[in-house]
Amino acid sequence: MTATAWHNPLRDPRDRRLPRIAGPSGLVIFGVTGDLSRKKLMPAVYDLANRGLLPPGFSLLGFARREWEDQDFAEVVHDAVREHARTPFREEVWQQLADGMRFIPGDFDDDTAFEQLRDAVDELDDKRGTSGNYAFYLSVPPKFFPKVVEQLKKHGLADAPEGSWRRAVIEKPFGHDLKSAQELNRIVHEVFAPDQVFRIDHYLGKETVQNILALRFANQMYEPVWNRSYVDHVQITMAEDIGIGGRAGYYDGIGAARDVIQNHLLQLMALTAMEEPASFDAASLVTEKLKVLKSVRLPADLERSTVRAQYAAGWQGGERVRGYLQEDGIDPRSTTDTYAAVKLEVDNRRWAGVPFYLRTGKRLGRRVTEIAVVFQRAPHSPFDSTATEELGQNAIVIRVQPDEGMTVRFGSKVPGTSMEIRDVSMDFAYGESFTESSPEAYERLILDVLLGDANLFPRTEEVEESWRILDPVEEHWDTLGRPAQYASGSWGPEEADEMLARDGRSWRRP
Ligand SMILES: NC(=O)c1ccc[n+]([C@@H]2O[C@H](COP(=O)([O-])OP(=O)(O)OC[C@H]3O[C@@H](n4cnc5c(N)ncnc54)[C@H](OP(=O)(O)O)[C@@H]3O)[C@@H](O)[C@H]2O)c1
């Protein structure tokens, strides 16, 4: 017997079952007083610390305009953690984390504040052994991305001292269209090399999204039917039941398609449609996702294959809610889409002729994100049509959120009838199959940044390809008059139902 046969896989550092623990490092959050930081980033940092995945000297630095001392900052983080963290509060974990917290007050234009930040970084290197390893998280309004990157360069923060690393994490939206995304990429890459840049698409941090790869490539039963010979069409939905809340300034002028389709839904589509990657490293994954995005074609007739709309007043959760144009801060003449649906084709051998319908909207019937792969009907049925009246098409539905899992829908004989066939479903639910609860997407993504693992971050080319797909749709919508309206709490505008009805199909009502 060879030595390798006795090799204990639990001792192998490449073993993916082992927890991955970040090395000495710190995280600087720009825009740390903002909504995203309080609700997602601060709690994620605490949860990582609580799971023992951060190094003991880990340091968290915040940057924003408030005149806060370190102590005020620590209190805000404390409150955010108590309110939003996933794991239980433990005083000793909190204390260790709080000792490494610093706050730098300042405007992004303020050179003195960036000098102060550099001093704080040096001080923490000395005191807490962060070893010069820092990630800069730009959780700031997108118009400030170039300014912050430029300031990091100017004050020597982007240059890693010998033997250490510096990384930039950039929130979405990455650009407004292809041209602005290319310009932003140019600015960012003047300062940071491609492997130093981590663009956030938090959907990729979700367990259910990573599971698409496990489902497809670790099993034998799905892949043989995952193609044009068996699949009729694919529907990818991200529905929200909330309106724009207080985010008028961010949302108006951007809209549903730019906010959700350009990034989250096209990434889900790429993972659903791609070929098996040569391995699971970042380069191989990007290669395959990019091949799909490059093969995506919009139908020639955008009038009939895209829909945009705005929510009108209506009832939701038993409450009367306002329409989009009546929301605070929205121009009553706004044409911004709060609902968007597009039909896309993938011009390759696997998918030719199989439409991918992508839709997203606010104030829809229910909060749900899912990918439904809908199969063709059986080519021949030995049953008469009355037996199969209530039989739909077979489907595999990946439930991304909130009720994480997967459903397989198929026909089954109704007991007691001579032969009546009806749809039934077989369910896999994370909550029932696993005892571990799923980490939040931001936990996974922040840890990956600290480890330098780029698998779950879209690269330059993917972002630009996604804008190439969406730009003609937005340009077409710009030539139209007022968007269609749909009642809040409904499943979107009639035009979207008509779009699918023309193809002899209908949207799922999840
Ligand atoms: N909120 C979400 O759920 C969400 C989801 C996905 C992506 N994102 C993205 O995440 C980023 C942050 O979003 P957010 O909702 O957290 O934004 P936000 O609530 O508006 O916060 C913006 C932050 O930037 C700071 N800031 C603004 N102007 C500044 C300036 N001139 N100098 C220094 N600091 C300045 C603000 O701090 P002070 O006012 O205290 O200075 C605040 O901390 C955006 O890119 C957004 O698109 C957000």
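Each value, and the rule that gives it
Residues numbered from 1 in each chain as written. Predicted model: local features only at pLDDT ≥ 70, side-chain atom pairs only at ≥ 80, totals over all residues. Heavy atoms only, no water. Helix = DSSP H or I, 4+ residues; strand = E, 2+ residues; numbered from the N terminus. Buried < 20%, exposed > 50% of the residue type's maximum accessible area, 1.4 Å probe, protein only. Contact = heavy atoms within 4.5 Å. Near = heavy atom within 4 Å. Polar contact = N/O pair within 3.5 Å; in protein donor to acceptor, adjacent residues only side chain to side chain. Areas by Shrake-Rupley, 256 points an atom, 1.4 Å probe, with all protein chains shown as cover. Nonpolar A, V, L, I, M, F, W, Y, C, P; charged D, E, K, R; others polar. UniProt positions renumbered as here; feature names shortened; annotations may be inferred. Phe/Tyr/Trp six-rings, centres within 6.5 Å; stacked < 30°, edge-to-face > 60°.

(A) Expanded view of the environment of Leu178. With respect to the helices, strands and loops of the structure, Leu178 is situated in helix H6 (residues 178-191). Overall, the relative accessible area of 22% leaves Leu178 in the partly exposed class. Taking C-alpha positions, Leu178 is 6.9 Å from Asp471, a pair spaced 293 residues apart along the chain. With sequence-adjacent residues up to four places away left out, Leu178 is seen in contact with Glu464, Trp467 and Asp471.

(B) How the structure looks around the site of the ligand. Residues in contact with the ligand amount to 23 residues; listed here are only the nearest, Thr33, Arg65, Arg66, Val140 and Lys172. At 2.9 Å, a backbone N or O of Leu36 approaches an oxygen atom of the ligand. Within the side chain of Arg66, a nitrogen or oxygen atom sits 2.6 Å from an oxygen atom of the ligand. Considered on its own, the ligand offers 890 Å² of accessible surface; in the complex 82% of this is hidden by protein. Of the residues contributing to the shell around the ligand, the split by class is eleven nonpolar, five polar and seven charged.

(C) Region of the structure containing the UniProt feature "domain: Glucose-6-phosphate dehydrogenase C-terminal" (unreviewed entry) in the protein chain. The residues that UniProt annotates with the feature "domain: Glucose-6-phosphate dehydrogenase C-terminal" (unreviewed entry) are residues 213-508. Taken end to end, residues 213-508 has its terminal C-alpha atoms 23 Å apart, with 30% of it in helix and 25% in strand.

(D) Quick look at the packing of aromatic side chains. One pass over the full model with this rule turns up 20 aromatic pairs. Ring geometry for Tyr251 against Tyr324: centres 6.3 Å apart, planes inclined by 70 degrees, an arrangement best described as edge-to-face. Of the two residues, Tyr251 sits in helix H8 (residues 248-251) while Tyr324 sits in the loop between strand S11 (319-321) and strand S12 (339-346), which places them 73 residues apart along the sequence. With respect to burial, Tyr251 and Tyr324 carry one shared label: buried. Seen in terms of ring centroids, Phe428 and Tyr430 are 5.0 Å apart; in terms of plane orientation they differ by 40 degrees. Their pairing is tilted.

(E) Spotlight on unusual backbone geometry. Cis geometry is adopted by the peptide bond preceding Pro173, which originates at Lys172 and carries an omega value of 0 degrees. With respect to the helices and strands, the residue Pro173 is situated in the loop between strand S5 (166-170) and H6. Gln401 connects to Pro402 through a cis peptide bond whose omega is 0 degrees. Within the fold, Pro402 resides in the loop between strand S15 (395-401) and strand S16 (405-413). Look at Ser131: it is not a glycine, yet its phi comes out positive at around 60 degrees. Assignment of secondary structure puts Ser131 in the loop between helix H4 (111-128) and strand S4 (134-138). Take Ser131: its relative accessible area is 44%, and that puts it in the partly exposed class. Even without being glycine, Arg363 reaches a positive phi, approximately 55 degrees.

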